[in-house]
Amino acid sequence: MRKKSLADLVDYFKTDENVQQQIVKWHTIEPVKAAYSRIPESVHPKLVQALQAKGIGELYSHQEEAYKNVMEGFSVTAITPTASGKTLCYNLPVVQTILQNSSARALYLFPTKALAQDQKTELNEWLDLADASINCYTYDGDTPAAIRQKVRKAGQIVITNPDMLHSAILPHHTKWVSLFENLQYIVLDELHIYRGVFGSHVANVIRRLKRICEFYGSSPQFICTSATIANPKELAEGLTGEEMKLISKNGAPSAKKHFVFYNPPIVNQQLNIRRSATLEVRKLAGILLKQKIQTIIFAKSRVRVEIILSYLQELVINELGPKSIQGYRGGYLPTQRREIEKGLRNGDIYGVVSTNALELGVDIGQLQACIMTGYPGTIASAWQQAGRAGRRQGEALILMVASSSPLDQYVIKHPEYFLETSPETARINPDNLVILLDHLKCAAFELPFTLGESFGEHDLEELLDYLVDERVLHRSSNKWYWMNDAFPAHNISLRSASQENVIIIDQTERAHSKVIGEMDRFSAMTLLHDEAIYLHQGIQFQVEYLDWDEKKAYVREVDIDYFTDANLAVSLAVLEEDKSKETEQAIVSFGDVSVRAMATIFKKIKFDTHENIGSGPIHLPEEELHTSSTWFTLKAELHELTEDRIEQGLIGAAHAMQSIIPLHVMCDPQDIQIVPQVKATHNQLPTLFVYDRYPGGIGLSENVFKIGSTIMNEASEMIKSCHCSVGCPSCIGTDPQGIEAKSDTIKLINLFFTAIEGENDESKK
Amino acid sequence: MMSLKNKLKRMKAHLSDKDTEQENNNQKTDDSPNNSEAIPYMSMWEENHVRPYWVDQEYCLIREVRYPLTFKQGRYELGECKRAVQAWENSSFNHPLSTKGHSIDDLFFFDTETTGLRGVGSTIFMLGYAQFTHDEVIVKQHILTHPGYEVPLYMSFLENVDYSTLVTYNGKSFDWPQVKSRHTLIRDHVPKLPETGHFDLYHASRRLWKHKMESVKLTEVEKHILKFERKDDLPGYLAPAIYFDFVERKHPEGIIKVLDHNEKDILSLISLYTHVTFQLLGQDSEQTSDEKVEAGKWYKAAGNHTASGSLLEQAYSDDLHNHSAAHSLAFFLKRRGDIQRSANLWLKVCENGSAREKREAAIELAKYYEHQDKNTAAAIQYTQKAREALLEDENLKPSARKNEMAKIHHRLQRLNRK
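Parameters and conventions
- Residues numbered from 1 in each chain as written.
- Chains lettered and ligands numbered in written order.
- Predicted model: local features only at pLDDT ≥ 70, side-chain atom pairs only at ≥ 80, totals over all residues.
- Helix = DSSP H or I, 4+ residues; strand = E, 2+ residues; numbered from the N terminus.
- Rg over C-alpha atoms; globule rule 2.2 N^0.38 Å.
- Buried ≥ 20, exposed ≤ 12 C-beta atoms within 10 Å, placed from the backbone.
- Contact = placed C-beta atoms within 7 Å.
- Pairing = 2+ DSSP bridges.
- Axes fitted to C-alpha atoms, helices over the stretch in contact; angles between N-to-C directions.
- Expected span 1.5 Å × (residues − 1).
- Bend = angle between axes of the 7 residues up to and from the residue.
- Core = buried A, V, L, I, M, F, W, Y, C linked by C-beta atoms within 7 Å.
- Parallel < 35°, antiparallel > 145°, perpendicular 65-115°, else oblique.
- Left-handed = near helix turned anticlockwise from the far one by under 90°.
- Nonpolar A, V, L, I, M, F, W, Y, C, P; charged D, E, K, R; others polar.
- pLDDT = per-residue confidence, 0-100.
- Domains from an automatic or database assignment.

Points about the overall build of chain B
Here's step 1: Helix and strand counts for chain B come out as 17 helices and nine strands.
Here's step 2: Over its C-alpha trace chain B gives a radius of gyration of 28 Å, far above what one expects of a compact globule, namely 22 Å for 418 residues.
Here's step 3: Along the longest, intermediate and shortest principal axes, the C-alpha atoms of chain B span 90 × 65 × 40 Å.

Written out as structure tokens, the structure is:
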């Protein structure tokens, strides 16, 4: 039988009755033609030669625009969807400049080591074609000691990551004099990754970098590239502290795309449970792969990747052989990854199952189809994933298969939300005091501070004097000197959400105990207490001992039929109210809160039956977190509602908001916490607290205050659009305790909505 | 809005980290004197042979103390270092630590005290060194009096010194790179750093004594090799804290203790260089057979086979039961073409050496019987012996063991085909 083409399969999906029933929306995106510009006159003949060798006779308009602006001295940010030739946006002006002046230097920053390696390979290929002898090196933990000196002294293009810059380059800047004296360009690729806590850290690392450049007399331009987000210019300017020219018009062509929203069939009408997305993906991917359609399947977790992978390999083993379908996720060895990438590019591999690791700019060529197992969590990342499919000629099929989670169900039922809303806003808060002070220490270690310098928005003198009081710095008239025997960068991780994480140590084999992960302190209280069952990559571990003082959890692999669930008693106190809005019935406030949490007991719960088969106490001290919060308080006596009904309503609202908020403030769900309280300590009224799970806050709940009406509106929409009648675990998070649960929840949300919409904005000073 | 200070106070629990936490009893002092009368505790400094050195409004302090050549540091008088330099001059042995062609006043015994262990922010607050004149040893130590006064510190250091070779303890990877790093920060205000030769005695100690000492820290080497025990010495790790206190309070008391500590380090470098020289030249009457083996191996690594052979011969004749001496000597003899004698030595090693020596000796004997004696059976027998020795060897890493086993296996296969 003849193999079916993608077009045949598109027809099949459109007409097959079984499939058709589950398709909620079929959205076709028409192909876009490329917008070209001529290669500018000024481009060095060697580069023109290299471009021609690659078959490039003209540039895409955004590449030319980036080149021109950079050569004129501007810092730029280019919006570059997947596969739009973004590397030329920076490689062209950088190589051009170095060809003109061999002492010029450029520093490339990529969020991961793997991306840096890819870049080096690609860039070296270019340099070979251009017959240009330019020293281009990666500098990271894998760089052999023997060539480090050479990289530092002679590297004209140095490719690294922010963590390395923070802990290995900046604190040793005197070894990098020739780089810093001649640094002309700083390239920040994958800009959208630098958001939230990580972005806030990176912004400070860049402040330190600029300070050192100034010391050596250079003032580099920034060249940034970003996926499509709502605020690329704002993010780039926040990260670099430089004014940016935004290049938003992308000249790359795109193929015709079929974007299909697929909702699995309902298997339990009462509980409103649908067939598992994983199983549906197995079916759909099988159809594509059996016809040798090159397909990428995205899954949200590493475990999910492995499960889908084994399903698919089994499914097509006879047609294609197991090697033709591969997994791709963090934890694979670099060489293994390189092989998979190559296999995808040259067509040896038909299918790849990946976590969001392949969302980033790793070069795997263009595939024909993309399947998302569930909504990836943000609009930006959904478009990045979708961008993996679509060759120049022909068309692309993109399937988004919804899971039962309320967020997925919301998105699948409102495809217009996804297709029409502008993508999320990426927030950073570099002036978070905890983060800022960490980097102030590093900066003072690197160079003394002088009165009149600035570093962030706060009063620098006051902060530096605080560090003098802490005996970290020494002040002498108008200067502050590092006065401590520590190496400050050592204790600061750019990626962790809380400063002191608990390290998880697997000691299944006594002689070879190894670190398998880390977890923030708050989560560790309920997930890593003594005797807790901890799941890691699908493997069960039991915590043998949690050393709270040393922040280490010792675990051992086990095989048992229960999991554990711990109770966390949380109390919240309002420290200071900065802003509030109110109506007669509700108040919404923003300010600082203190969160105290204490783990009390844990239960052992049997798999499948969910029976409670035992319990035990947890002996851990109370933890306190000072952070920022937006809280929603019900002011009016609602006579018709009993306390129980209010409680159920608050829990329902909290559940809905937990799904909606990460979507709008562009953060990981665990970055933000929502706690309903029937009688809040500070006002004895029913209150819903939304707080940042990072000391000092990173601007998430502040943003919730700003866009609260949108959030409330959509939370209410989400619950209303659920097919259940009185509320279900999918929409309000619990089994309803009465027929009013759903309507009560919506009622409370509407009251909060009116309050935050309210005109009487009383910003308190 | 909450004031910044209140916020800082409130978040203190999140802000302080272990490494920088210290009790909070800070008092600010105005610490910018602008003439010599204002140098705090000047009379106390003077009593301790310390004088200021001014550049514009900034100063550092320099202590200068002279020692007679008869001053004894451990088992050597300082003056014996002159004998050591003369010994190199008279010797035909070439070695990385040889001063041949140099005089003793070219040597610059150098050590620093710093506020931390790595990174730009680790400040050097003391630069100490000793040099020979014809009848004494001059020890000079330059003290950074204020974190901002590095210009006078390096200015005085660079114009006072004239030397061609540094003698340090781990200065190649620590002290000198740190000097370069701090110098870079003020390079526009001070002369360039000179290019120098460098004798790092830490590496020498590792080469010569690692076989018998767990740690070759300078104080350990003093104790076990130079037979010299420090009394009332300040532990080195306290130096940063003392310096931070000095910056605050200006009182010389603690710093003088650091000066004494630093001076002991420097004087020990002189004795240590003397001792290392005598060992390398086989002129230490108390040198053990094992020490001669290590010295011989070092010459071999440095490419000087004549010297290596000479020391290995000595090591073996000193102690005919020293199998590692026999083993190393056998390699030397084989290289020189004295195949028969090397094979004889290996026959002994193969019976009595350590597991590694037994294995290597057996392999060498297997080669000998295969190629010289043309005795395949004996070659096979010794290869099997090597295999047994490999299985006995508990110090080998699993990967190395696998690798060795593969080689032995390969050799056996080849021999069996003959």
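Topic: the overall build of chain A
Here's step 1: Along chain A, the regular secondary structure elements total 25 helices and 33 strands.
Here's step 2: Whereas a compact globule of 765 residues would reach a radius of gyration of roughly 27 Å, chain A reaches 27 Å, a difference of no more than 12%.
Here's step 3: Along the first, second and third principal axes, the C-alpha set of chain A runs to 85 × 80 × 65 Å.
Here's step 4: Here chain A holds 765 residues, and the buried ones make up 51% of them.
Here's step 5: Taking contacts inside chain A between residues at least 6 apart in sequence as the whole, the part at least 24 apart equals 73%.

Thoughts on the environment of Ser324(A)
Residues and elements named next belong to chain A.
Here's step 1: Positionally, Ser-324 belongs in the loop between helix H14 (317-320) and strand E15 (325-328).
Here's step 2: Along the chain, Ser-324 and Ile-340 lie 16 residues apart, while their C-alpha atoms are 9.6 Å from each other.
Here's step 3: Not counting chain neighbours up to four residues away, the residues in contact with Ser-324 comprise Asp-348, Ile-349, Tyr-350 and Gly-351.

A word on the sheet that holds strand E21 (residues 479-482) of chain A
Residue and element names in this part refer to chain A.
Here's step 1: Read across the open sheet, the three strands follow the order E19-E21-E20; overall the sheet is antiparallel. Either end of the sheet is taken by a strand with one partner, and the two such strands are strand E19 (449-450) and strand E20 (473-476).
Here's step 2: In this structure, E19 lies alongside E21, joined through two bridges in antiparallel fashion. Note that in E21 the partner of Phe-449 across the bridge is Trp-480.
Here's step 3: Packing of helix H20 (residues 460-469) onto the sheet brings it into contact with E19, E20 and E21, and relative to E20 it is tilted by some 115 degrees.

Some remarks on the environment of Trp126(A)
Residues and elements named next belong to chain A.
Here's step 1: Locating Trp-126 in the fold gives a position in helix H6 (residues 113-129).
Here's step 2: Between the C-alpha atom of Trp-126 and that of Leu-51, which follows or precedes it by 75 residues, the distance is 8.3 Å.
Here's step 3: If we skip the residues at most four places from it in the chain, Trp-126 touches Ala-50 and Asn-91.

With respect to unusual backbone geometry
All names here are of chain A.
Here's step 1: You will see that Asp-131, though not glycine, has its phi angle at about 55 degrees, which is positive.
Here's step 2: Among the secondary structure elements, Asp-131 is positioned in the loop between H6 and strand E6 (136-138).
Here's step 3: Given 10 C-beta atoms within a 10 Å radius, Asp-131 is considered exposed.

Some details on helix H22 (residues 643-665) of chain A
Because each turn of an α-helix spans 3.6 residues, side chains separated by three or four positions in sequence point in the same direction.
Residues and elements named next belong to chain A.
Here's step 1: A rise of 1.5 Å per residue sets the reference length of H22, with its 23 residues, at 33 Å; its end C-alpha atoms lie 31 Å apart and thus fit the reference within 8%.
Here's step 2: Most pronounced at Gln-658, the bend in H22 amounts to some 30 degrees, and the proline Pro-662 follows within four residues.
Here's step 3: Burial of H22 is extensive: 17 of the 23 residues sit out of reach of the surface.

Some details on the nonpolar core
Here's step 1: Core analysis: the largest hydrophobic core is formed by 202 residues, its most contacted members being Leu528(A) and Phe752(A).
Here's step 2: It is H22(A) that provides the largest number of residues to this core, a total of 10 residues.
Here's step 3: With 68 residues, the next largest nonpolar core counts Phe93(B), Leu218(B), Tyr299(B) and Ala315(B) among its residues.

Quick look at the packing of helix H16 (residues 376-392) of chain B against helix H17 (residues 398-417) of chain B
Residue and element names in this part refer to chain B.
Here's step 1: Where H16 meets H17, the closest approach of the two axes is 10 Å, and the angle between their N-to-C directions is 165 degrees. One element, H16, and the other, H17, form an angle in the roughly antiparallel class. Relative to H17, H16 is oriented so that their crossing is left-handed. Judged by residue contacts, Thr-376, Ala-379, Ile-380, Thr-383, Ala-386, Arg-387 and Leu-390 of H16 engage Arg-401, Glu-404, Met-405, Ile-408, Arg-411, Leu-412, Leu-415 and Asn-416 from H17.
Here's step 2: Grouping the constituent residues of the contact of H16 with H17 by class yields eight nonpolar, three polar and four charged.

A look at the sheet that holds strand E2 (residues 58-68) of chain B
Residue and element names in this part refer to chain B.
Here's step 1: Overall, mixed pairing links the seven strands, which are arranged E1-E2-E7-E6-E5-E8-E9 in an open sheet. Both outer strands of the open sheet, strand E1 (50-55) and strand E9 (197-200), are each paired with one neighbouring strand and no more. Each adjacent strand pair in this sheet contributes to an overall mean axis angle of 25 degrees, direction not counted.
Here's step 2: Where strand E8 (residues 165-168) lies against E9, four bridges are found, and the strand directions are parallel. Each bridged residue has a counterpart across the sheet, and for Leu-166 the counterpart in E9 is His-198.
Here's step 3: Relative to the sheet, helix H5 (residues 150-160) contacts E1, E2, strand E6 (124-132) and strand E7 (136-143), its axis offset from that of E2 by approximately 40 degrees.

Digging into the packing of helix H11 (residues 289-301) of chain B against helix H12 (residues 305-318) of chain B
Residue and element names in this part refer to chain B.
Here's step 1: Following both chains from N to C, one finds H11 and H12 inclined at 165 degrees, their axes separated by 8 Å at the closest point. The pairing of H11 with H12 is recorded here as roughly antiparallel in orientation. The handedness of the crossing between H11 and H12 is left-handed. Two secondary-structure elements touch here, H11 through Ser-289, Lys-292, Val-293, Ala-295, Gly-296, Tyr-299 and Lys-300 and H12 through His-305, Ala-307, Ser-308, Leu-311, Leu-312, Gln-314, Ala-315 and Asp-318.
Here's step 2: Taken together, the residues of the contact of H11 with H12 break down into seven nonpolar, five polar and three charged.

Focus: the confidence of the model for chain B
Here's step 1: For chain B, per-residue confidence averages 90 on the pLDDT scale, and residues scoring 70 or more make up 94% of the total.
Here's step 2: Overall, residues 18-33 of chain B carries pLDDT values under 50, and its contacts beyond four positions in sequence, including any with other chains, amount to 21 contacts.

Section: the domain arrangement of chain B
Residues and elements named next belong to chain B.
Here's step 1: Domain assignment breaks chain B into domain 1 (36-280) and domain 2 (289-417).
Here's step 2: A separation of 42 Å is found between the C-alpha centroids of domain 1 and domain 2.
Here's step 3: Of the residues lining the interface, 10 residues belong to domain 1; the matching set on domain 2 comes to nine residues.
Here's step 4: Listing elements by their share of the side of domain 1 that touches domain 2, those giving two or more residues are helix H7 (201-209) and helix H10 (253-280).
Here's step 5: For the side of domain 1 that touches domain 2, the residue count by class is four nonpolar, four polar and two charged.

With respect to the pairing of strand E32 (residues 687-692) of chain A
Each regular strand shows side chains that alternate between the opposite faces of the sheet.
Residues and elements named next belong to chain A.
Here's step 1: When you tally the buried positions in E32, you get six out of six residues, the bulk of the element.
Here's step 2: Both faces of E32 are covered, namely the face carrying Thr-687, Phe-689 and Tyr-691 and the face carrying Leu-688, Val-690 and Asp-692.
Here's step 3: Summarising the sheet, strand E30 (residues 623-634) and E32 pair through five bridges and their orientation is antiparallel. Pairing of Trp-631 across the sheet is with Phe-689, part of E32.
Here's step 4: Here strand E31 (residues 672-677) runs beside E32; their pairing, made up of six bridges, is antiparallel. Bridge pairing in E32 links Gln-677 to Thr-687.

Quick word on helix H13 (residues 323-336) of chain B
Residues and elements named next belong to chain B.
Here's step 1: For H13, with 14 residues, the first-to-last C-alpha span of 20 Å sits near the 20 Å given by 1.5 Å per residue.
Here's step 2: Counting buried residues in H13 gives 11 out of 14 residues, a clear majority hidden from the surface.
Here's step 3: Buried residues of H13: His-323, Ser-324, Ala-325, Ala-326, His-327, Ser-328, Leu-329, Ala-330, Phe-331, Phe-332 and Leu-333, and no others.
Here's step 4: Check the buried side of H13 and you find it contacts H11, H12, helix H14 (339-352) and helix H15 (355-371).
Here's step 5: Looking one or two places after H13, you find Gly-337, whose phi comes out positive at around 100 degrees.

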